[in-house]
Amino acid sequence: MPSSPPLLPPGFRFGMATSAYQIEGAAGLDGKGPSIWDTFTARPGTVRHGEDARTAIDHYHRYEEDVTHIAEAGAHDYRFSLSWPRVMPEGGAVNPRGLDFYDRLVDRLLEAGVRPVPTLYHWDLPQALEDAGGWMNRATAHALARYATAVAERLGDRVHDWITMNEMSVHTLYGYALTDHAPARGLGLAALPAAHHQLLAHGLAVQALRAHGAARTGVANQHFPVSPAGGDPADTEAAALFSDLTNWTFSDPVLRGDYPSELIRSATGTAEPRLAEDLELISAPLDFYGVNYYEPTVIEAPREGKDYRGVMEVDIPEGLPFSPVPVAGAERTDFGWAIVPSALTGILRELRDRYPALPPVVVTENGASFHDAAPDARGRVADPRRIAYLDGHLRAVADAVAAGADVRGYYVWSAFDNFEWAAGYDERFGLVHVDRATLRRTRKDSWYWYRDVIAAQPPAPDRAAAPDPPQTTGGPGAPS
Ligand code: GAL
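Residues numbered from 1 in each chain as written. Predicted model: local features only at pLDDT ≥ 70, side-chain atom pairs only at ≥ 80, totals over all residues. Heavy atoms only, no water.

Labelled according to an unreviewed UniProt entry, the protein chain appears under the name Beta-glucosidase, originating from Streptomyces xinghaiensis. Quoted straight from UniProt, the Catalytic activity (unreviewed entry) entry for the protein chain says "Hydrolysis of terminal, non-reducing beta-D-glucosyl residues with release of beta-D-glucose." (UniProt positions renumbered as here; feature names shortened; annotations may be inferred.)

So, in structure tokens, the structure goes:
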């Protein structure tokens, strides 16, 4: 790894990301209602080791300490999500005590000099709304708009940056098409209405947030380059269809007002002229576009009798016209994900080329799971592979900027080790280690590395007059 830190342009915003369900815990407390993830995790066999997130990392009670870990790294932004069932236990009537928590969190962030960037929806749908059809029901989009209004009314005086939805693609594919995530519907391609209704919810939320004074509004979409395994035209076709379904179905409507193909357009379950009206709303210009990136994918047309299981985090059912193959020659994280920083440069350039109207981009998630050891006797957690991963990906962002992509920020997934959905707690993505038994937080080497990277950046013209970031002292794990 080069010794000089990766450098980004002046004013570039460094941040950390989390989501409510993965960190808060406090299930059922202060009026919180159940979400689809509570239902999912309660079913045997859904989550590794049968783990759940009733306590998660207890951020609900430890948020003050947690904000300190974020602020003392010098992070400019903190991306977190609001729990819809905490704010609206049944998806409708507001629970003021739920909003009180986010009030306190936002105040604490602002006091610490960190900009709050909340996401409205990071997959934890109130169970009552799922019972009424979930994202397969168009009414859920309107319910989300009412939720957006309720939180903006309460927080909009202090929160100016909003993300509407997180990874509509993964939520649709894993939760509605397959059964690997909540609500585990297993609808296959018939899940596409769930995609359309989330996109509609995004469009309605943008309107609602702006009506309450939002200064900057965006969405966080997962993106990864998809390449064909070989030169066979059948592989090229398979890769293009896979990319349509996983990438472009969720970005084309937002960034160019249409679905990537007639096939997908007609599978959304919404007829004209309503579909055209929806797309108009969904494509309202954004202030920024969030890209979550982890790894690229290689696809081929299925070969008869070949076993494709275990290549991706989830298996694609047989009978579909595309199959994933391992990314050749790539090192892997402990979660088994291919480490290919250049693919992040690639997707940032591809987005710039595909969308003439692309707003400034923020990398709203990027990071890696390694099964870090517990803190040693001196309280140190050495995680050199995470540092190498993050260093490589920040340089990949710098390469994209040098090639003309307008990227304004980068958020590490994640600030803390947390509940990694169906994989439970084995997969540690945090800059801060969390002990499973005691929930004690320990800054990993990567935390100190990130702090030093942020401190090494050129001064931001617009931050010149701002107060100095909080002073910190090196800890036991501080790299020299
Ligand atoms: C994203 C998701 C996050 C986190 C991350 C690491 O897909 O938005 O919640 O789990 O992946 O797997």
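Now that the structure has been shown, the text picks up again.
> Can you help me understand the site of the ligand in this one?
The ligand sits among Gln 22, His 122, Trp 123, Asn 166, Glu 167, Tyr 294, Trp 337, Glu 365, Trp 413, Glu 420, Trp 421 and Phe 429. Here an oxygen atom of the ligand and a side-chain polar atom of Glu 167 are 2.4 Å apart. The contact in question runs from an oxygen atom of the ligand to an N or O atom on the side chain of Trp 421, over 2.9 Å. Protein chains shield 96% of the accessible area of the ligand, which is 300 Å² for the free molecule. (Near = heavy atom within 4 Å. Polar contact = N/O pair within 3.5 Å; in protein donor to acceptor, adjacent residues only side chain to side chain. Areas by Shrake-Rupley, 256 points an atom, 1.4 Å probe, with all protein chains shown as cover.)

> Please explain the environment of Tyr 63 as it appears in this structure.
The residue Tyr 63 is located in helix 3 (residues 59-72) in this model. Residues Tyr 63 and Asp 376 lie 313 residues apart in sequence; the distance between their C-alpha atoms is 25 Å. In this structure Tyr 63 touches Phe 101, Arg 104, Leu 105 and Arg 108, once residues within four positions along its chain are discounted. (Helix = DSSP H or I, 4+ residues; strand = E, 2+ residues; numbered from the N terminus. Contact = heavy atoms within 4.5 Å.)

> Would you mind showing me how to read the pairing of strand 8 (residues 297-300) here?
If a strand is regular, its side chains alternate between the two faces of the sheet. Covered by surrounding structure in strand 8 are Thr 297 and Ile 299 together with Val 298 and Glu 300, the residues of both alternating faces. Summarising the sheet, strand 6 (residues 226-228) and strand 8 pair through three bridges and their orientation is parallel. Paired with Ser 227 across the two strands is Val 298, which belongs to strand 8. Where strand 8 lies against strand 9 (residues 323-325), three bridges are found, and the strand directions are antiparallel. If you follow Glu 300 over to strand 9, its bridge partner there is Ser 323. (Buried < 20%, exposed > 50% of the residue type's maximum accessible area, 1.4 Å probe, protein only. Pairing = 2+ DSSP bridges.)

> What's the story with the nonpolar core in this structure? I'm lost.
In a soluble, globular protein the nonpolar side chains are often hidden away together inside. Core analysis: the biggest nonpolar cluster contains 158 residues, and Trp 84, Leu 120, Trp 135, Leu 144, Trp 162 and Tyr 450 have the highest contact counts within it. For this core, the element with the most residues is helix 9 (residues 192-211), which contributes eleven residues. The residues touching Tyr 450, leaving out its near neighbours within four places in the chain, are Phe 14, Gly 15, Met 16, Leu 394, Tyr 410, Val 412 and Leu 431. (Core = buried A, V, L, I, M, F, W, Y, C linked by side-chain atoms within 4.5 Å.)

> What am I meant to see in the UniProt feature "binding site: substrate" (unreviewed entry) in the protein chain here?
When the UniProt feature table is mapped onto this chain, "binding site: substrate" (unreviewed entry) is found at Gln 22, His 122, Asn 166, Tyr 294, Trp 413, Glu 420 and Trp 421. Mapped onto the elements of the fold, Tyr 294 is located in the loop between strand 7 (289-292) and strand 8. Every residue in contact with Tyr 294, bar those within four places of it in the chain, is listed here: Glu 167, Gln 222, Trp 337, Ala 338, Glu 365, Asn 366, Gly 367, Tyr 389, Trp 413 and Phe 429. Tracing the sequence through the fold places Trp 413 in strand 11 (residues 407-413). On the basis of relative accessibility, which here comes to 3%, the residue Trp 413 falls in the buried class.

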